[in-house]
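Residues per chain are reported as follows:
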Amino acid sequence: MMDMHSMTDELLELTKQPKIAYFSMEIGIQNDIPTYSGGLGVLAGDTIKTAADLKLPMIAVTLICRKGYFRQILDENGRQIESPDPWEPSRYMKLLPTKITVQIEGRDVMVQAWQFNVKSIIGGIVPIFFLDTDVDGNMPDDREITSYLYGGEQAYRLKQEIVLGIGGVRILHEIGFEIKKYHMNEGHSSLLTLELLNMFKRPIEDVWDEKLVWDTEKVKDLCVFTTHTPVEAGHDRFPYDLVSRIMGELIPLNVLKELAGKDSLNMTLLGLNLSEFINGVAKKHMEVSRNMFPGYEISSITNGVHTYTWTCDSFKKLYDKYLPGWANEPELFVRVGRIPDEEIWSTHIEAKKILFDYVRANTGVEMDPDILTIGFARRATAYKRADLIFSNIERLERIGAEKLQIIYAGKAHPKDDSGKRLIEKIFSIKERLKDKIKMAYLKNHNMDTALKMVSGVDVWLNTPLRPREASGTSGMKAAHNGVINFSVLDGWWIEGHIEGFTGWSIGPNPDETTLIDNMDTRDADDLYEKLENIIIPLFYDNRHVWIRMMQNAIGKNAYYFNCHRMMRRYVTDAYIR
Ligand SMILES: *Cc1c(COP(=O)(O)O)cnc(C)c1O
């Protein structure tokens, strides 16, 4: 179906070199392309940007999600109202003439792709192909398959995952790419392995056992799987009757069951069984994943963030002055000690004022730049325990009156009722504390508010229920801006934390690898204890040591927890073996 004459020279050029194909259900590349919901998507965007910085031969595949994730409105009680967040692909990207079809419910559904080039500040380019079923000739329902990120019911999700996995492989081949590795960022794209199995199928007359028709070793050689989910319930599963009805029999059901689970199609199992390299996203998460999936060889590559994207303007200027070349070589943060204390502090105050201006415009709350400010911004969902700091409100009030301010942001998934209740709870406490501890909850958290938050507060708070935070990345963003982490020992912080040096821990050491019950009171006690006796006194009475810790956040945390280090690991451990 490809018309060679209408294919651009640039795309032709791109197909000349074999590529690593990175598949992700969500990608957060810039604020006005709302095709992400949180950390997973932003990590995907950061990965692609870094591949461009390092001039890696990579291309990426995702869904167009024309209606975005959603725009969050909060009423005066903190009730979340969701509205669609439509955007216009043609403003940012080019529609390719290539079309392929996938079979859904027995129908041929046409899939087209938009090409968006991620350009590095140093010249590398990684194209992202945004798949789109809004094609003339498709039935109205089918045209909506790529409209909503994480929308709809199970059937809708399965259709999206067929388009992403199977449609993605087909379109890359139709364009003419030679793919050396398929990297699945989480299980949503695992169906791509089925397309590969079909591609490398051996003729039946060549094998003595029917099972050997399926060249699983060949497919495994091509595949890399990154899991991000430390809890069983978090993995996508589809009942086989739904799979048969919607996907049909792409490969025989008995073969599929062997690869993806007896009772239901488990997208993670499918990815694990057909990937030669499998990794968790932090060392702890590797252990947890090994426990959850015994028998699989699971490595770990700890996440990072894209240094240039997650450094605010004032720190960009400061680093340019003292550490030229830092953006493409974050190892230069090792020399952070050369930056004078006063300049680190004044740079931070600049970022703090920018955040406070935004807080005023967004919520009407006037914050005081001289007061110790805590930030908490991420998806509003129960395990992240945004309300842990309110476990004992009287105690918090006593410790923090006139000495603390707290800024929140975060969206709850439209179907996550407990996440929505969390936001409402924070709103009511905000009202109750307002004369003693000023609080604000920013509306419509996105990549822009995230950068303002991680650079404009003094302390970055993270209180997940262990061991559910596979990695977490917002704390790494904070470190890039000299903001000190105060966090439960989970995910990346187990590796980045040196008590009283890079930041502070909350709660006990992370010994468990499975979920254990509620530890709220123990964690909250520790949080109050440190806030009262260490953090607040240090901030107000020993600014010199405080700035030392900001330097350590940069020189020890940002130095390591960046995507440049992470991508080099993916290249040497996963892509080239
Ligand atoms: C980085 C980022 C996240 C991830 O936050 P965690 O604390 O790692 O969960 C979520 N949302 C947005 C908009 C981000 O930029």
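Structural data are supplied above this passage.
All values reported here derive from a predicted model rather than from experimental measurement.

You can see Asp-142 is positioned in helix H3 (residues 140–143). Overall, Asp-142 belongs to the buried group, its relative accessible area being 1%. Side chain to side chain, Asp-142 and Arg-107 meet in a polar contact 2.9 Å long. Ignoring any residue separated from it by four or fewer positions in sequence, one finds Asp-142 in contact with Arg-107, Val-109 and Thr-133.

Residue pairs three or four apart in sequence face the same way in an α-helix, which turns once every 3.6 residues. Within helix H15 (residues 447–456), seven of the ten residues are buried, which leaves it mostly tucked inside the rest of the structure. Met-447, Thr-449, Ala-450, Met-453, Val-454, Ser-455 and Gly-456 are the residues of H15 that are buried. At the N-terminal end of H15, a side-chain oxygen is found 2.9 Å from the backbone nitrogen of Asp-448, two or three residues along, and the residue is Asn-446.

General note: in soluble globular proteins, nonpolar side chains tend to be found buried as a group. Ranked by size, the top nonpolar core spans 71 residues in total, and within it Tyr-182, Leu-191 and Leu-265 carry the most contacts. By residue number, the principal contributor to this core is helix H4 (residues 154–175), which donates nine residues. The residues contacting Leu-191, other than those within four sequence positions of it, are Leu-158, Glu-161, Ile-162, Gly-165, Ile-166, Met-247, Leu-265, Met-267 and Leu-270. If you look at the next biggest cluster of nonpolar residues, it comprises 59 residues, including Phe-333, Trp-345, Ala-386 and Phe-539.

With that settled, the discussion passes to a nonpolar patch on the surface. Together, Ile-121, Ile-122 and Tyr-308 line one region of the surface with nonpolar side chains, adding up to about 270 Å² of accessible area. Structurally, Tyr-308 can be placed in the loop between strand S13 (299–300) and helix H11 (313–322).

Around the ligand sit 13 residues in total, of which Arg-378, Lys-384, Thr-473, Ser-474 and Lys-477 are the nearest. Arg-378 places a polar side-chain atom, nitrogen or oxygen, 2.8 Å from an oxygen atom of the ligand. In this structure, an oxygen atom belonging to the ligand sits 2.6 Å away from a side-chain N or O atom of Lys-477. Contact with the protein chains covers 95% of the free accessible surface of the ligand, which is 390 Å². At the level of secondary structure, the elements contributing two or more residues to the shell around the ligand comprise helix H2 (39–53) and helix H16 (474–480). Counted by class, the shell around the ligand contains three nonpolar, seven polar and three charged residues.

How each quantity is defined
Residues numbered from 1 in each chain as written. Predicted model: local features only at pLDDT ≥ 70, side-chain atom pairs only at ≥ 80, totals over all residues. Heavy atoms only, no water. Helix = DSSP H or I, 4+ residues; strand = E, 2+ residues; numbered from the N terminus. Buried < 20%, exposed > 50% of the residue type's maximum accessible area, 1.4 Å probe, protein only. Polar contact = N/O pair within 3.5 Å; in protein donor to acceptor, adjacent residues only side chain to side chain. Contact = heavy atoms within 4.5 Å. Core = buried A, V, L, I, M, F, W, Y, C linked by side-chain atoms within 4.5 Å. Patch = residues over 30% accessible without salt bridge, like charges linked within 9 Å, V, L, I, M, F, W, Y side chains within 5 Å. Areas by Shrake-Rupley, 256 points an atom, 1.4 Å probe, with all protein chains shown as cover. Salt bridge = Lys/Arg side-chain N within 4 Å of Asp/Glu carboxyl O. Near = heavy atom within 4 Å. Nonpolar A, V, L, I, M, F, W, Y, C, P; charged D, E, K, R; others polar.

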